[in-house]
Each structure stands twice: as structure tokens, then as C-alpha cells.
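Analysis of the macromolecular model
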Amino acid sequence: MGGFVSRGFTGRRRTPDELAARLPPGQYAESGFPVLTAGPTPEVPPDSWRLTIEGMVGAPQAWSWEEFAGLPFESVPCDIHCVTKWSKLGTSFGGVSLDVLLADAQPRGTHAMIHSYGGYTTNLALADLTDGKAWVVTEHEGEPLAREHGGPARLLVPHLYFWKSAKWVAGITVLDHEEPGFWESNGYHLRGDPWREQRYWSD
Amino acid sequence: MERLTAVEQRAPGAWQVATVASIRLETPRVKTFRIALGMWVAHLPGQHYEVRLTADDGYRAQRSYSIASSPLLEGEVELTVERLEDGEVSMYMHDVLGVGDEIEVRGPFATYFVWRGEEPVLLLGGGSGVVPLMSMLRHRRLTAPQLPMRMLYSVRSPEDLIYGAELGEETTLTYSRSAPPGWTGHIGRIDEAMIVRAAAGFTSGPAFVCGSNGFVESASRHLLTAGFPPASVRTERFGPSG
Ligand SMILES: Cc1cc2nc3c(=O)[nH]c(=O)nc-3n(C[C@H](O)[C@H](O)[C@H](O)COP(=O)(O)OP(=O)(O)OC[C@H]3O[C@@H](n4cnc5c(N)ncnc54)[C@H](O)[C@@H]3O)c2cc1C
């Protein structure tokens, strides 16, 4: 490979140099916030929302919306990268770090399956969820998270492709092994690191 | 030149340099590109290819395009592309790419928005969202013409109608902005009543919904009202516009 040039292609959507270094290979900067969901958007009223942590843990946890609102809240500036090629640079979310949520649960495993309202699942290694790399967020750019973007609460794992940042998050099950979630069973990569372009199984 | 040849791994993950075999104008803003592939793998209707453009200084742009053709079209795929004003890849394909030109692609990808022959099957398409549905419709016509399939297809105006000559009695068309003179069918956006009527007898199978974000949101909501279980509704959204 390497040598191919598309005849007559110069590129219109070039990213300014100061941003180019923040774009993983194959991505382009998008100013909007596109929606990508596998099925219909579920409706989750905050007063019936629960977040649970269970599975291979020392102490299973559950938070209601009110209890969750009492946890230490952080603002998270980040870049996000969707496997369909757009990246949104310089955005921000607000929520609770997984380090806080997992601390009381005392995880004993190595991996996790994230479950969402509506049935979506996605898998992550615990190492990708801890050490300040993942949050459960309820705000986007200072506003309550819109329903089509996962409101009332979604996972945020900005260093991996955005399908890992499960919308309408309901629970985290800690596992002692890796299992594929929804997209991961459907041809997408188990880990999804945008900097290594881990889009599909074959990557 | 290092070029991938058919001798290499026949895997969808590999980029290959393919050739534009023919180009068809579908509407003033939509063209179909028939691409001849050295490494061809039969796809499932609903899957897509990735197209990658490279400038001579190494700058690259990469986008996804659904396959419009049936997998029975061996060695080739058809991609149908809408020209977006100021769109980096779609404008290049419309304004520069010609028959005989080479283009880098890889695929087929995705195994969720695919039709594996389940029946009955309901298809809801808005604008260029009809493209992956057309692969399903064409494949059914070639392999199982009796299989119950119904399509609702919404276009803005007669000049936006893609594949018009190929649509048959399985398709119900609606013009959301302007209809052709003498049109006696539906006018206006796909609404709940249309979907409930189309869904009668179809709720035991999958429904495929493809189009802009707004189209997919409202159409999939109406499908739930019409009695489809959420897990049977598969959606695909074509990017930022909505
Ligand atoms: C799974 C999948 C399948 C798809 N299948 C099809 C298909 O079958 N047919 C099809 O036509 N499309 C399809 N798409 C959409 C396709 O991948 C592209 O998104 C689309 O062609 C637009 O790409 P582009 O490079 O032409 O436009 P882009 O350059 O990406 O721009 C998109 C739009 O946003 C505007 N825009 C973006 N950035 C800026 C900016 N910085 N300044 C100003 N304006 C901006 C452009 O004006 C344009 O209208 C599919 C998408 C997915 C994810």
C-alpha cells in the first residue's frame, strides 16, 4: 500500500494544524454532534432511573437519580471519536468518575459489561474504566444530556471509539473474563482504540 | 507501485484499489458508481463499504457508503452517493471521479443493519436512506420474489426520487414537499397512520429504517406504536444532517 493517490483529490475538509494532531487516523472534525443508535431511542424518566454495579464485586452498588446527584461531580473536557469517522474536538461533559463509582463496589474482576436501557451492551476492560479515563455523565456542554444523546445518563470513555460510551446506561457488571457486547458481536473491534484505528474485527 | 492484488487475503479489512466500471445519474444530485473489485466478497444486503481518498501530499478522507446492489452481482458493488454541497468526499465522487478511475475501498462491513432473509420484512427509507434498503429489495427480487417485503419510501420531490423505474408494488411512495402532476398517492412526511397501515401483518419480522437522523427518530417511534418490539427495529443514520 502507501503509494495510491486519488486522481484530482486535493481535500476540502482539512483540519487546521493546531487541531490536526488531535485527530486519530481516518477521522475528520465535525462541529455538530451527530446521533448514532442501533434502534429506537428509549425513554428513561430520571425518577425511575437506577445505576447498578454488580457481578464480581465485593459490594454491589445501586444509585437512584437523587443519590447519584449527591456524588462528586466533575466537568470533563475531551475530544470524542465516532467509528463512523467524525470526531468532535474540544467538547465537554459533566458527571461522576468511574473511580468514585467503583471504589465502593470493590471490583474483583478484569473486565466489565455495560448494560443500557433498551438492551444495548458494550464491553470494556476495567483498565479502560479506571484511573480517570471514564465517567457516567448527565450533562453535555453545561446542559442536561439530551435524550437522543443518551440522557438522562450515559457512559463516557473518550479515549475509545464512541460506541463504548454507552447511552442510557443502566448498569455495570464486573466479569473475570472478556465478553463481546452488542457492536462487538456485530463485527466491531473488542477494544476500539481510535489511535490504532481498531474499527472492525479484522483491525 | 505497491498495489493490492487478488492474491492477497480475501478479507473485508484490507484496503484495495478498485476501478470505477460505470456511473449512472439517478437524480440531479445522486449518482450510482459501479465499482469493480479485485478482492470481492459477497455481502449481506444492508452492509457498507468504506471509501478512502488520498491527496498527493498524503492527506486522506474516508467515508462509509452502503451497498445498493445485490450480492449476486459478482465481482462488483454499486454505491449510490448523494452530492452534498461542500461535502469533501461526495463532491469529489460527483465532480471528479470518472469511469476507469481507480478508487480505494474496503468492505463489506457491519453485521447489524443486515437482512439475512428473515420474513416478513418492512423497509422504511427517507431520501438517500433508500440505498441499503434497495440492496435488500433487489436481492429479494432475484432470490425470493414471493417473500413478504414492503417498503415505505419518502422523498422530497419527484426530482429526488432514486431508483424510480425499479420500484414495484412492494413500495409505497410519499412526496414530502411536492408531488408530480396528477399524483394520487401519499403527500407529506411518513406519519404514524402510514406506518401503522404498512405494519399490518409485518410486526413478526424485522423493520429496517434508514435516512437522516430526524427521519429515523420519528419513523422508529411510529414503528413501536404500530406494534414492533424495540429489538426488531434496526436503524441506520447517514451522518450529521437531520
Ligand atoms: C453506515 C453509513 C452508510 C452510509 N451510506 C451512504 C450512502 O449509501 N449514500 C450516501 O450518499 N451517503 C451515505 N452515508 C453518508 C456518507 O458516509 C457521508 O457522510 C456523506 O457522503 C457526506 O460526506 P462528504 O465528505 O461528502 O461531506 P462532509 O465533508 O463530511 O460534510 C458533510 C456535510 O456537512 C457539511 N460540513 C461538514 N463539515 C463542515 C465544515 N467544517 N464547514 C462547513 N460545512 C461542513 C458539509 O457542507 C456537508 O453538507 C453513509 C454513512 C454511514 C455512517
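Note on numbering: residues in each chain are counted from 1, in written sequence order. Each chain gets a letter, beginning with A, and each ligand a number, beginning with 1, in the order they are written. Given that this is a predicted model, residues contribute local features only at a pLDDT of at least 70 and side-chain atom pairs are listed and counted only at 80 or more, while totals for whole chains, interfaces and linings are drawn from all residues. Think of the side-chain values as coming from all heavy atoms in the structure, minus any hydrogens and water.

1. Concerning the overall build of chain A
In terms of helices and strands, chain A carries four helices and eleven strands. Its C-alpha atoms give chain A a radius of gyration of 18 Å, within 12% of the compact-globule value 17 Å for 203 residues. Each residue is placed in one exposure class: buried if its accessible area under a 1.4 Å probe, protein chains only, is under 20% of its type's maximum, exposed if it is over 50%, and partly exposed if it falls in between. Looking at chain A as a whole, 55% of its 203 residues are labelled buried. Nonlocal contacts in chain A, meaning residues at least 24 apart in sequence, comprise 67% of its contacts between residues at least 6 apart. For the accessible areas, the method is Shrake-Rupley and the probe is 1.4 Å, while residue cover comes only from the protein chains on display. Approximately 8,500 Å² of chain A is accessible, and the part contributed by carbon and sulfur atoms is 52%. The positive count covers Lys and Arg only, the negative count covers Asp and Glu only, and His and the chain ends enter neither. We put the charge of a Lys on NZ, of an Arg on CZ, of an Asp on CG and of a Glu on CD. Here chain A contributes 17 positive and 25 negative side-chain charges, whose respective centroids are spaced 10 Å apart. For the purposes of this entry, the term helix denotes a DSSP run of H or I that reaches at least four residues, the term strand denotes a run of E that reaches at least two, and both are numbered from the N terminus. Within these notes, the globule rule equals 2.2 Å times the number of residues to the 0.38 power, and the radius of gyration is based on C-alpha atoms. We call two residues contacting when some pair of their heavy atoms lies within 4.5 Å.

2. Side note on the site of the ligand
All names here are of chain B. In the vicinity of the ligand lie 21 residues, with Ser 64, Tyr 65, Glu 85, Val 89 and Ser 90 positioned nearest. Contact distances for the ligand include 2.9 Å between an oxygen atom and a side-chain N or O atom of Arg 63. Measuring from a nitrogen atom of the ligand, one finds a backbone N or O atom of Ser 66 at 3.1 Å. Within the complex, 80% of the 960 Å² of free accessible area of the ligand lies under protein. Looking at the shell around the ligand, the elements that each hand over two or more residues are strand 4 (60-66), strand 5 (76-82) and helix 1 (88-95). Of the residues forming the shell around the ligand, the biggest block, four residues, is contributed by strand 4. The criterion for a residue being near a molecule or strand is simple. One of its heavy atoms has to lie within 4 Å of it. Two N or O atoms count as a polar contact when they lie within 3.5 Å, although within protein this holds only if one can serve as hydrogen donor and the other as acceptor, and sequence-adjacent residues are included solely when both atoms are side-chain atoms.

3. Remarks on the sheet that holds strand 6 (residues 111-116) of chain A
All names here are of chain A. For two strands to be treated as a pair, DSSP must find at least two bridges joining them. Here we have five strands laid out as an open sheet, ordered 3-2-11-6-7, and mixed in their pairing. Two strands bound the open sheet, and with one partner strand each, they are strand 3 (61-64) and strand 7 (121-125). When strand polarity is set aside, the average angle formed by the axes of neighbouring strands in this sheet is 15°. Here five bridges tie strand 6 to strand 7, and the two strands are oriented antiparallel to one another. Across the sheet, residue Met 113 finds its bridge partner in strand 7, namely Asn 123. Interaxial angle, 0 to 180 degrees, is taken between N-to-C directions of lines fitted to C-alpha atoms, where a helix line uses only the stretch in contact. Packing against the sheet, helix 3 (residues 98-105) makes contact with strand 2 (50-55), strand 3 and strand 11 (169-175), and its axis sits at approximately 50° to strand 2.

4. A word on the domain arrangement of chain B
Residue and element names in this part refer to chain B. These domain boundaries are the output of an automatic or database domain assignment. What the domain assignment lists for chain B is domain 1 (4-109) and domain 2 (121-237). Between the C-alpha centres of domain 1 and domain 2 the distance comes to 25 Å. Every contact between the two is made by 20 residues of domain 1 and, on the other side, 17 residues of domain 2. Should a side-chain nitrogen of Lys or Arg be within 4 Å of a carboxyl oxygen of Asp or Glu, the pair is scored as a salt bridge. At the junction of domain 1 and domain 2, the tally comes to two salt bridges. Between the two partners, domain 1 and domain 2, sit six residue pairs in polar contact (both at pLDDT 80 or more). Those elements that place two or more of their residues in the side of domain 1 that touches domain 2 are strand 1 (16-27), strand 2 (30-36) and strand 5. Polar here means any residue outside two lists: the nonpolar Ala, Val, Leu, Ile, Met, Phe, Trp, Tyr, Cys and Pro, and the charged Asp, Glu, Lys and Arg; Gly therefore counts as polar. Class assignment of the residues belonging to the side of domain 1 that touches domain 2 gives a composition of seven nonpolar, eight polar and five charged.

5. Regarding the pairing of strand 12 (residues 233-237) of chain B
Residue and element names in this part refer to chain B. Of all five residues in strand 12, five are buried; the element is thus mostly enclosed. Residues Val 233, Thr 235 and Arg 237 of strand 12 are buried on one face, and the alternating residues Arg 234 and Glu 236, pointing to the opposite face, are buried as well. With five bridges joining them, strand 11 (residues 207-211) and strand 12 adopt parallel strand pairing. In the sheet register, Gly 211 faces strand 12, and the bridge partner there is Arg 237. Clockwise travel from the first strand over the helix to the second, with the strands pointing away from the viewer, marks a crossover as right-handed. Between the parallel pair strand 11 and strand 12, the chain is carried across by helix 4 (residues 213-225), and the sense of this crossover is right-handed.

6. A few points about the sheet that holds strand 2 of chain B
All names here are of chain B. A sheet is described by the order of its strands in space; here six strands give the open sequence 4-3-6-1-2-5, paired in antiparallel fashion. Of all strands in the sheet, those with a lone pairing partner are strand 4 and strand 5, marking the two edges. Adjacent strand axes in the sheet meet at a mean angle of 40° when their direction is disregarded. Relative to strand 6 (residues 102-109), strand 1 runs antiparallel, the two sharing four bridges. Directly across from Val 17, in strand 6, lies its bridge partner Glu 104. Strands in contact with helix 1 are strand 2, strand 3 (48-54), strand 4, strand 5 and strand 6; relative to strand 4, the strand with the most contacts, it is inclined by about 80°.

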